[in-house]
Amino acid sequence: MTVSPFTIRELTDTDLDAAIALLSLASASDNRDRLRERLAQNSPAPVRIALVAEADGVMIAAAKITSENATPGAASALVVVDPAHRFRGIGTALYRRLMSDLAAHPAGATITLTSALRDDAAPGRGFAEARGFELVRHNLGWSLELEGRAAELLAEVESITTANAATVRVASIDTEYPLIAAVMARCAIGLPGPIAGQPVDTTGFEHHFARTAVYLVASVDGAPAGLGVIHPVGEEGEWYTDFTGVDPDYRQRGIARLLKAAELAEAAGRAGRRMGTHNDVHNTGIVRVNVATGMDPALGYWSLVNKNPRKTAVSGA
């Protein structure tokens, strides 16, 4: 079989659809909107390095490094090669180019790289680990069918509300930003960040979530006690839970269970057909809540980190 040579160049906005389709192959959830925002040439991301590989005028691979608001000093890295063109050294060539471009970037000297890869893709994890990335977290996937269950789920919310003397409501990010920001900061206390030993930074949290996100605030005796964040994915009735957190002062009091039920009911009431989410395997509290809610196991993802990508030796592959 004749193998066509390939070329590497910078990604432009005309490449977005094809590049996002490739990069999405490594994801355990639908993150196309987020990728589009980060990869666009007018991206607000402080670090944006985006490349594609072509053969015979056809895109066969894509790679990127983009900064993420929730992790100061870090950027998300990803290299994906079309399955029909793997094991030709294309991924290695793209990664080398990424590292070269990163070294020339003003932030390149201090940045830490993170990567999230679906947990059924062992070769992808192996590629990352061979280049200095270390596994720091396994995030379990969960899913629940919502179609036709809006009334049932709403009744469950009311039942939990009564039992816990708590309330939950939708809050507007436009008119209640200070409240949501304060609750988010409290709920993030004690949660592990993407980099081991580094806490979650909630500054500018709204940029980490979809623009279509729905925010639900739980309260006890009028005091904010927890926050849930969900958003619709695509146009097929898919929804995703981005965040379910409880203020430390109100943990172990059923607030997480209330928020989870409210998230599901809210999505179902908006014609949602299915809710998905991911949680750290060691976050036993929310895992128990997912099980109690009836959610089914689904595709998960691995979180990996490379704290010193500039010193990583890259061998051909």
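Before any of the text, the structure's been laid out above.
Residues numbered from 1 in each chain as written. Predicted model: local features only at pLDDT ≥ 70, side-chain atom pairs only at ≥ 80, totals over all residues. Heavy atoms only, no water.

Caption draft 1: The arrangement of the overall build of the protein chain in detail. Helix and strand content of the protein chain: eight helices and twelve strands. Scaling as 2.2 N^0.38, a compact globule of 317 residues should have a C-alpha radius of gyration of about 20 Å, and the protein chain matches this with 21 Å. In the protein chain, buried positions account for 45% of the 317 residues. Taking contacts inside the protein chain between residues at least 6 apart in sequence as the whole, the part at least 24 apart equals 70%. When the accessible area of the protein chain is evaluated, it comes to approximately 14,900 Å², of which 54% is carbon and sulfur surface. (Helix = DSSP H or I, 4+ residues; strand = E, 2+ residues; numbered from the N terminus. Rg over C-alpha atoms; globule rule 2.2 N^0.38 Å. Buried < 20%, exposed > 50% of the residue type's maximum accessible area, 1.4 Å probe, protein only. Contact = heavy atoms within 4.5 Å. Areas by Shrake-Rupley, 256 points an atom, 1.4 Å probe, with all protein chains shown as cover.)

Caption draft 2: View of the pattern of salt bridges. Under the definition given, this model contains 19 salt bridges. With a closest N to O distance of 2.7 Å, Asp-280 and Arg-137 form a salt bridge. Here Asp-280, found in strand β11 (residues 274-280), pairs with Arg-137, found in strand β6 (residues 134-145); they are 143 residues apart in sequence, far enough to count as distant. Look at Asp-280 and you get buried, because its relative accessible area is 13%. Residue Arg-137 is classed as buried on the basis of its relative accessible area, which comes to 12%. When salt bridges with common partners are traced through the structure, they connect Glu-145, Glu-238, Arg-273 and Arg-274 into a single cluster. (Salt bridge = Lys/Arg side-chain N within 4 Å of Asp/Glu carboxyl O.)

Caption draft 3: Quick look at the packing of aromatic side chains. According to the stated counting rule, one finds three aromatic pairs in the structure shown. A ring pair is formed by Tyr-95 and Phe-127, whose centres lie 6.4 Å apart and whose planes are at 90°; its orientation type is edge-to-face. Residue Tyr-95 is found in helix α3 (residues 90-104), and its partner Phe-127 is found in helix α4 (residues 122-129); the two are separated by 32 residues along the sequence. Looking at Tyr-95, the relative accessible area reads 3%, which means it is buried. In this structure Phe-127 comes out as partly exposed when scored by relative accessible area, which is 24%. (Phe/Tyr/Trp six-rings, centres within 6.5 Å; stacked < 30°, edge-to-face > 60°.)

Caption draft 4: Unusual backbone geometry, seen in detail. Phi angles above zero are rare outside glycine, and Phe-87 is one such case at about 65°. Checked against the element boundaries, Phe-87 lands in the loop between β4 (74-81) and α3. Residue Gln-252 is not a glycine yet carries a positive backbone phi of 65°. If you trace the backbone, Gln-252 turns up in the loop between β10 (238-246) and α7 (255-269). You can call Gln-252 exposed: its relative accessible area is 77%.

Caption draft 5: The arrangement of the environment of Gly-132 in detail. The topology assignment puts Gly-132 in the loop between α4 and β6. In this structure Gly-132 comes out as partly exposed when scored by relative accessible area, which is 32%. The sequence separation of Gly-132 and Val-305 amounts to 173 residues, and the corresponding C-alpha distance is 8.2 Å.

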